[in-house]
Amino acid sequence: MQVVHAVPEDARAVAEIHVDAWRSAYSRILPADYLASLSVEKREAMWKNIVESGQTELLVAKDGGAILGWVSFGACRDKDAPSSQAELWAIYVAPNSWFKGVGRQLWLRARELLSQQGYSTCSLWVFAENEPAIRFYKAIGFVADTLPPQELECGGRQLQEVRYVCRIDA
């Protein structure tokens, strides 16, 4: 498996993983009709634009020609964040590749790049109900922040997101 920067031609696979992972990971959190309405085509256009514009760094994990997962990261978008804090914007692995180390390899490469860019900490936001993701984040070194959860609406449901942080300069 190789972890490399995405190119525009990767946008379709990134979008397919994005939609498939949402449908699998959030099936107990978000309404089924909302998950069914997710569009690979819309996400493909979004990710192609992101790759071309460089809005965020996007790495893909490839095994042969197949993309198994991806990670998006960059400067932290939180208002209270110091300039030394990065953010893991999103990380998704194809459901048939869960629990095979793909997510860990994506994070290790992202962490290496963030460290090289001078960041000392990294944060992320995760649905409070997404226990499998929280277990993964804890296993790779993230800890719950003291910041109160933030409320958001997604798919017609009121949800809470909690912030986790990790030192990357240690």
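The following refers to the structure shown. (Residues numbered from 1 in each chain as written. Predicted model: local features only at pLDDT ≥ 70, side-chain atom pairs only at ≥ 80, totals over all residues. Heavy atoms only, no water.)

### Focus: the overall build of the chain
No. 1: A count of helices and strands for the chain gives 5 helices and 8 strands.
No. 2: Starting at the N terminus and ending at the C terminus, the chain contains elements arranged as β-α-α-α-β-β-β-α-β-α-β-β-β.
No. 3: For 170 residues, the compact-globule estimate of 2.2 N^0.38 gives 15 Å, and the chain sits close to it at 15 Å.
No. 4: The dimensions of the chain, computed from C-alpha atoms along their principal axes, are 40 × 40 × 30 Å. (Helix = DSSP H or I, 4+ residues; strand = E, 2+ residues; numbered from the N terminus. Rg over C-alpha atoms; globule rule 2.2 N^0.38 Å.)

### Quick notes on the layout of surface pockets
No. 1: Approximately 1400 Å³ is the volume found for the largest pocket.
No. 2: In this structure, the largest pocket is lined by 48 residues; those nearest its centre are Tyr26, Ile91, Tyr92, Asn130 and Tyr137.
No. 3: Those elements that provide at least two residues to the lining of the largest pocket are helix H1 (11–25), helix H3 (40–53), strand E3 (66–75), strand E4 (85–93), helix H4 (102–116), strand E5 (121–127), helix H5 (131–139) and strand E7 (150–154).
No. 4: For the lining of the largest pocket, a count of residues per class yields 27 nonpolar, 10 polar and 11 charged. (1 Å grid on protein atoms, 1.4 Å probe; cavity = no way out; pocket = protein on both sides within 12 Å on 5 of 7 lines; lining within 4 Å. Points joined across faces, edges and corners; volume = space filled by probe spheres on them. Nonpolar A, V, L, I, M, F, W, Y, C, P; charged D, E, K, R; others polar.)

### Quick word on the packing of aromatic side chains
No. 1: Following the criterion strictly, the structure yields 8 aromatic pairs and no others.
No. 2: Here the aromatic rings of Trp107 and Phe142 are separated by 5.1 Å at their centres, their planes lie at 55°, and the arrangement is tilted. Remark: Phe142 occurs in the loop between H5 and strand E6 (143–144) and Trp107 occurs in helix H4; sequence separation between them is 35 residues. Take Trp107 and Phe142: they sit in the same class, and that class is buried.
No. 3: One aromatic cluster in this structure is built from Trp107, Phe136, Tyr137 and Phe142.
No. 4: Arg43 extends its terminal NZ or CZ atom over the ring of Trp22, reaching a point 5.1 Å from the ring centre. (Phe/Tyr/Trp six-rings, centres within 6.5 Å; stacked < 30°, edge-to-face > 60°. Buried < 20%, exposed > 50% of the residue type's maximum accessible area, 1.4 Å probe, protein only. Lys NZ or Arg CZ within 6 Å of the ring centre and 35° of its normal.)

### A word on the pattern of salt bridges
In a structure, side chains of opposite charge can pair up when their charged atoms sit close to one another.
No. 1: Under the criterion given, the structure shown has 10 salt bridges.
No. 2: For the salt bridge of Asp78 with Arg163, the shortest nitrogen-to-oxygen distance reads 2.7 Å. On the criterion of sequence distance, the pair formed by Asp78 in the loop between E3 and E4 and Arg163 in strand E8 (residues 157–167) is long-range, its members being 85 residues apart. Of the two residues examined, Asp78 and Arg163, each falls in the buried class. (Salt bridge = Lys/Arg side-chain N within 4 Å of Asp/Glu carboxyl O.)

### Some details on H5
Structural remark: α-helix, 3.6 residues per turn; residues separated by three or four positions point the same way.
No. 1: Considered for burial, the residues of H5 that qualify are Ala133, Ile134 and Tyr137. When H5 is viewed along its axis, its buried side chains cluster within an angular range of 100° and face the same direction. Turned more than 90 degrees away from the buried face of H5 sit Glu131, Arg135, Lys138 and Ala139, all of them exposed.
No. 2: Phi turns positive, to about 110°, at Gly141, one or two residues after H5. (Arc of directions from axis to C-beta.)

### Quick look at the pairing of strand E2 (residues 57–63)
No. 1: As judged from the 4 bridges shared by strand E1 (residues 2–5) and E2, these two strands associate in the antiparallel manner. Residue pairing for E2: Val4 is matched across the bridge by Val60.
No. 2: Where E2 lies against E3, 7 bridges are found, and the strand directions are antiparallel. Within the sheet, the bridge partner assigned to Ala61 lies in E3 and is Gly69.
No. 3: Taking the residues between adjacent antiparallel strands as the criterion, E2 and E3 are bridged by 2 residues, where Gly64 takes a positive phi near 65°. (Pairing = 2+ DSSP bridges.)

### Details of unusual backbone geometry
No. 1: Of note, Phe99 is a non-glycine position whose phi angle comes to about 65°, a positive value.
No. 2: Structurally, Phe99 is set in the loop between E4 and H4.
No. 3: Judged by its relative accessible area of 81%, Phe99 falls in the exposed class.

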